[in-house]
Amino acid sequence: MDFDRELRNHQMADGDLELSICPKCNAQFAKKELADRQHVCPNCGYHYRIGAYDRLRIILDADSFEELDETLHSTDPLDFPGYREKLNQMRKKTGLDDAVVMAVGTIKNIPVVVVVLDSRFSMGSMGVVVGEKITRAVEYADEQKLPLLIFSASGGARMQEGIFSLMQMAKTSSALARFSGHRGFFISILTDPTMGGVTASFASLGDIILAEPGALIGFAGARVIEQTIGQSLPEGFQRAEYLEEHGFIDAIVPRPQLRDTLAQLLLLHQPKQEAVYDSNEG
Amino acid sequence: MTRTKDNQYIALARAMDRLSVTDYIQALFTDFFEQHGDRLCREDPSILGGIARFHGMPVTVIGTRKGKNLRERIRFNFGMPNPEGYRKARRLMKQAEKFQRPIITFIDTPGAYPGIEAEARGQGEAIAKNMMKMSQLKVPIITVITGEGNSGGALGLAVADWVVMLSHSVFSVLSPEGFASILWKDASRSTEACELMKLTANDLYEAGVIDGIIEEPAGGAQANPEQMYALLDQALAYYLEELSQKPINDLLEERYEKFRKIGFALE
Ligand SMILES: [Zn+2]
């Protein structure tokens, strides 16, 4: 893996001894302390958005992960004015080539394929690179008969990639249909935020769907809905708890318990024998 | 020049008298039996669906509809489906597979409805499940984009073996107004958005996103409906025949590969 990138990312995420103010309860903590607590506010439990490598560090066994296809990057398919410059800025800022990291690693010694979207890069929006990496991850998990975890953190479609962004929804969903037909096990973890075309494709297609507390999850954005219906939205609308109440996620799991929950689910799904399975759900 | 042209497409595609799925069913199909409801929650009139015959062969027809006057537009929610519409469509498509009927979908929608109940009942989940299911259905699927095909609300009915656009229709990630509003916080820049988005049939065919274009009569489909019906009838008959002759595994493999290769990333 690219250690420079890893280092930059680490510095970015942990900061120094700077203070961080919790956006929910306004309590102040040293960034270092927050990082030690997996970026969960010690006072109110607010789950900060975290970068892809921080996520992998929290979830996977130490030193177990290897990143795949890490240099995959956008062709700017619409030749969109200013997009290349914007991509370059975000690359510099985050050390990532796009809004997604794909890796293989282990959780309590169980091998998994993991994809993590990173909201620091263009709000985790799905363009061709995100769609392509997710599809490759699904196909790789299918070939290797490994379980697949996808951590979503995305505002939705990457506008600057237009129709090519939209079509990633069909591509990723088709790949997951095949994977599911081959008995592949997919856990979708929804983190803050999971919106638009990401919600309307792979993120909603997990065998198990988990969410972090308080995560914003939905299809249409709040502003668009308010403009359309001409009224303000109810308290807690489109939060993980709302989704659970309405039957769209299996469980809300606080970040400190996530690794244990994933290990438990992976163990419960360890394959017993090969058998023909006809996928006819949904 | 391109600017005015692309904008004219939008105007034609959105015209109140644009031919709708109802017109096409009446003109091209016989014995239409409309099926209502998703069997879970309710009936969504934004999506019309049922069984009919095309050249004598039973098929399942599904389409989004906007309505042609204000009263209809309100009743059909301006062509913006709720999750129940997508779930009804999925129910009908699964039934089509069971009875080995090809599926034809007609798309004309500003997008899936952005509403409180739509979110509460899982708009995203409904669209995702449709795409997942369509990618595996063991019958030929044809999608005709007849007006506007915007966002996941259109794609949720368009994972097909042959995706064709009428020459003045548009297909895009979002309406140009929504696009401009998200990108520049200014919906009034929609003309500029049109120009950049590559949403016309020609652009999309060149980009490999769609499989064909049906040339509309001068002035658009609505200017000469009889001619439009004849052209569409001919095209549907040809492609249904071709798709129906393919072994099902080849059909599924080609469907997968088609969507798999849309969008290219540099290593
Ligand atoms: Zn707090």
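Right, let's walk through the structure included here.

Criteria and cut-off values
Position labels on residues start from 1 in each chain and follow its written sequence. Labels are handed out in written order, letters beginning with A for the chains and numbers beginning with 1 for the ligands. With pLDDT at 70 or above as the cut-off, local features in this predicted model cover only qualifying residues; side-chain atom pairs require 80 or more to be listed or tallied, and sums for whole chains, interfaces and linings still use all residues. With hydrogens and water set aside, each side-chain value is computed from the structure's full complement of heavy atoms. Secondary structure counts use DSSP, requiring at least four H or I residues in a row for a helix and at least two E residues in a row for a strand, with both numbered from the N terminus. The quantity called the radius of gyration is restricted to C-alpha atoms. Its globule counterpart is 2.2 Å times the number of residues to the power 0.38. Only protein chains enter the accessibility calculation, which uses a 1.4 Å probe; a residue whose area is less than 20% of its type maximum is buried, one above 50% is exposed, and one in between is partly exposed. Any two residues whose heavy atoms approach within 4.5 Å are treated as being in contact. The method behind every accessible area is Shrake-Rupley, applied with a 1.4 Å probe, and residues are considered shielded solely by the protein chains displayed. Charged residues are defined here as Lys and Arg on the positive side and Asp and Glu on the negative side; His and the ends of the chain fall outside this count. Note that the charge is assigned to NZ on lysines, CZ on arginines, CG on aspartates and CD on glutamates. Only nitrogen, oxygen and sulfur atoms count as donors, using a 2.8 Å cut-off from the metal that widens to 3.2 Å for Na, K and Ca. Water is left out, so coordination shells may look unfilled. Angular criteria define each label, namely tetrahedral for four donors with all angles between 85 and 135 degrees, square planar for four and octahedral for six donors with opposite donors over 155 degrees apart and remaining angles between 65 and 115, and irregular for whatever fails these tests. Pairing between strands requires that DSSP locate at least two bridges from one strand to the other. Patches here are clusters of residues that have more than 30% relative accessible area and form no salt bridge, with a 9 Å joining cutoff for like charges and a 5 Å cutoff for nonpolar side chains (Val, Leu, Ile, Met, Phe, Trp, Tyr). We count a salt bridge whenever a side-chain nitrogen from Lys or Arg sits within 4 Å of a carboxyl oxygen from Asp or Glu. Summed over both partners, buried area is the accessible surface (1.4 Å probe) that two parts give up on being assembled. Helix span, expected: 1.5 Å multiplied by one less than the number of residues in the helix. The arc in question is the one spanned by the directions pointing from the helix axis to the C-beta atoms. Both site types are read off a 1 Å grid over the protein atoms alone. A 1.4 Å probe that fits but cannot get out defines a cavity, while an open set with protein on both sides within 12 Å along at least five of seven lines defines a pocket; lining residues have an atom within 4 Å of a point. Grid points are joined across faces, edges and corners, and a volume is the space filled by probe spheres set on the points. Charged means Asp, Glu, Lys or Arg here, nonpolar means Ala, Val, Leu, Ile, Met, Phe, Trp, Tyr, Cys or Pro, and polar covers whatever is left, Gly included. For a crossover, the right-handed case is the one in which the path from the first strand over the helix to the second runs clockwise, viewed with the strands pointing away from the viewer.

### A word on the overall build of chain B
Here is step 1: Across its full length, chain B carries 12 helices and 8 strands.
Here is step 2: The C-alpha atoms of chain B give 17 Å as radius of gyration, which agrees with the globular expectation for 267 residues (18 Å, within 12%).
Here is step 3: Seen along its three principal axes, the alpha-carbon backbone of chain B occupies a region of about 50 × 50 × 40 Å.
Here is step 4: Looking at chain B as a whole, 61% of its 267 residues qualify as buried.
Here is step 5: Within chain B, contacts between residues separated by at least 24 positions form 72% of all contacts whose residues are at least 6 apart in sequence.
Here is step 6: Total accessible area on chain B stands at roughly 10400 Å², and carbon and sulfur atoms take up 52% of it.
Here is step 7: Both charge centroids of chain B, one from 32 positive and one from 35 negative side chains, sit 6 Å from each other.

### As for the coordination of the zinc ion
All names here are of chain A.
Here is step 1: Only Cys22 (SG), Cys25 (SG), Cys41 (SG) and Cys44 (SG) from the protein reach the zinc ion as donors, at distances of 2.2 to 2.4 Å.
Here is step 2: One can describe the donor arrangement at the zinc ion as tetrahedral, given that its 4 donor atoms subtend angles of 106 to 112 degrees at the metal.
Here is step 3: Each donor residue of the zinc ion lies on the same chain, and together they follow the pattern C-x2-C-x15-C-x2-C. On the criterion of sequence distance, the pair formed by Cys22 in the loop between strand E1 (19-21) and strand E2 (28-30) and Cys41 in the loop between helix H2 (31-36) and helix H3 (52-59) is long-range, its members being 19 residues apart.
Here is step 4: Take Cys22: its relative accessible area is 0%, and that puts it in the buried class.

### Observations concerning the sheet that holds strand E4 (residues 100-107) of chain A
All names here are of chain A.
Here is step 1: Ordered in space as E3-E4-E5-E6-E7-E8-E9, the 7 strands form an open sheet in which the pairing is mixed. Of all the strands in the sheet, just strand E3 (66-68) and strand E9 (251-252) have a single pairing partner and so form its edges.
Here is step 2: Of the strand pairs in this sheet, E3 and E4 are connected by 3 bridges, and their pairing is antiparallel. Considered in E4, the bridge of Glu66 is made with Val104.

### Description of a nonpolar patch on the surface
Here is step 1: A contiguous nonpolar surface patch, about 300 Å² in accessible area, is contributed by Leu70(B), Ile74(B) and Phe78(B).
Here is step 2: The residue Leu70(B) is located in helix H3 (residues 70-75) in this model.

### What to know about the interface of chain A and chain B
Here is step 1: Counting residues at the interface gives 61 residues for chain A and 53 residues for chain B.
Here is step 2: Counting each side, the surface lost to burial between chain A and chain B is near 4900 Å², with a carbon and sulfur contribution of 68%.
Here is step 3: Broken down residue by residue, the surface that chain A buries against chain B is led by Met159(A), Arg178(A) and Phe219(A), which jointly contribute 14%.
Here is step 4: Linking chain A to chain B there are 4 salt bridges.
Here is step 5: The residue Glu253(B) makes a salt bridge to Arg178(A) at a minimum N-O spacing of 2.8 Å.

### Quick look at the pattern of salt bridges
Note on pairing: side chains with opposite charge can pair once their charged atoms come close.
Here is step 1: All told, the structure shown has 39 salt bridges over all chains when counted by the stated rule.
Here is step 2: Note that Lys246(B) is salt-bridged to Glu254(B), the shortest N-O span being 2.8 Å.
Here is step 3: Residue Glu254(B) is classed as partly exposed on the basis of its relative accessible area of 41%.
Here is step 4: Taken together, the salt bridges that share partners define one network made up of Asp69(A), Glu132(A), Arg136(A), Glu139(A), Lys171(A), Arg260(B) and Glu267(B).

### Considering helix H4 (residues 83-94) of chain A
Residue and element names in this part refer to chain A.
Here is step 1: Compared with the 16 Å implied by 1.5 Å per residue over 12 residues, the 16 Å span of H4 between its first and last C-alpha is a close match.
Here is step 2: Of all the positions in H4, only Tyr83, Leu87, Met90, Arg91 and Thr94 are classed as buried. Here the buried residues of H4 occupy an arc of 105 degrees about the axis, which is enough to place them on one side. Residues of H4 that are exposed and angled more than 90 degrees away from the buried face: Gln89 and Lys92.
Here is step 3: Directly beyond the C-terminal end of H4, a positive phi value near 75 degrees is found at Gly95.

### Some points on empty space enclosed by the protein
Here is step 1: The final tally for this structure, using the stated rule, is 2 cavities of 30 Å³ or more.
Here is step 2: The space that makes up the largest cavity amounts to roughly 90 Å³.
Here is step 3: Along the walls of the largest cavity sit 15 residues, with Ile50(A), Arg55(A), Ala153(A), Thr191(A) and Asp192(A) positioned nearest its centre.
Here is step 4: Elements represented by at least two residues in the lining of the largest cavity include exactly strand E5 (110-117), strand E6 (148-154) and strand E7 (186-194) of chain A.
Here is step 5: Per-class residue counts for the lining of the largest cavity are 6 nonpolar, 4 polar and 5 charged.
Here is step 6: Empty space within the second largest cavity amounts to approximately 60 Å³.
Here is step 7: The wall of the second largest cavity is formed by Ala13(B), Arg14(B), Ala15(B), Met16(B), Arg18(B), Ser20(B), Arg65(B), Lys66(B), Gly67(B), Lys68(B), Arg73(B) and Asp108(B).
Here is step 8: Tallied by class, the residues present in the lining of the second largest cavity amount to 3 nonpolar, 2 polar and 7 charged.

### Looking at the pairing of E5(A)
All names here are of chain A.
Here is step 1: For E5, the tally of buried residues reaches 7 of 8 residues, placing the bulk of the element in the interior.
Here is step 2: Judged from the 8 bridges that link them, E4 and E5 form a sheet pairing that is antiparallel. Residue pairing in the sheet places Val100 in a bridge with Leu117 of E5.
Here is step 3: Counting the residues between successive antiparallel strands, the hairpin from E4 to E5 contains 2 residues, one of them, Lys108, with a positive phi of roughly 45 degrees.
Here is step 4: Across 4 bridges, the pairing between E5 and E6 is parallel. Bridging from a neighbouring strand, Val114 pairs with Leu149 of E6.
Here is step 5: After leaving E5, the chain enters helix H5 (residues 128-144) and then returns to the sheet as E6, a path that is right-handed.

Purely geometric numbers; function is a separate question.
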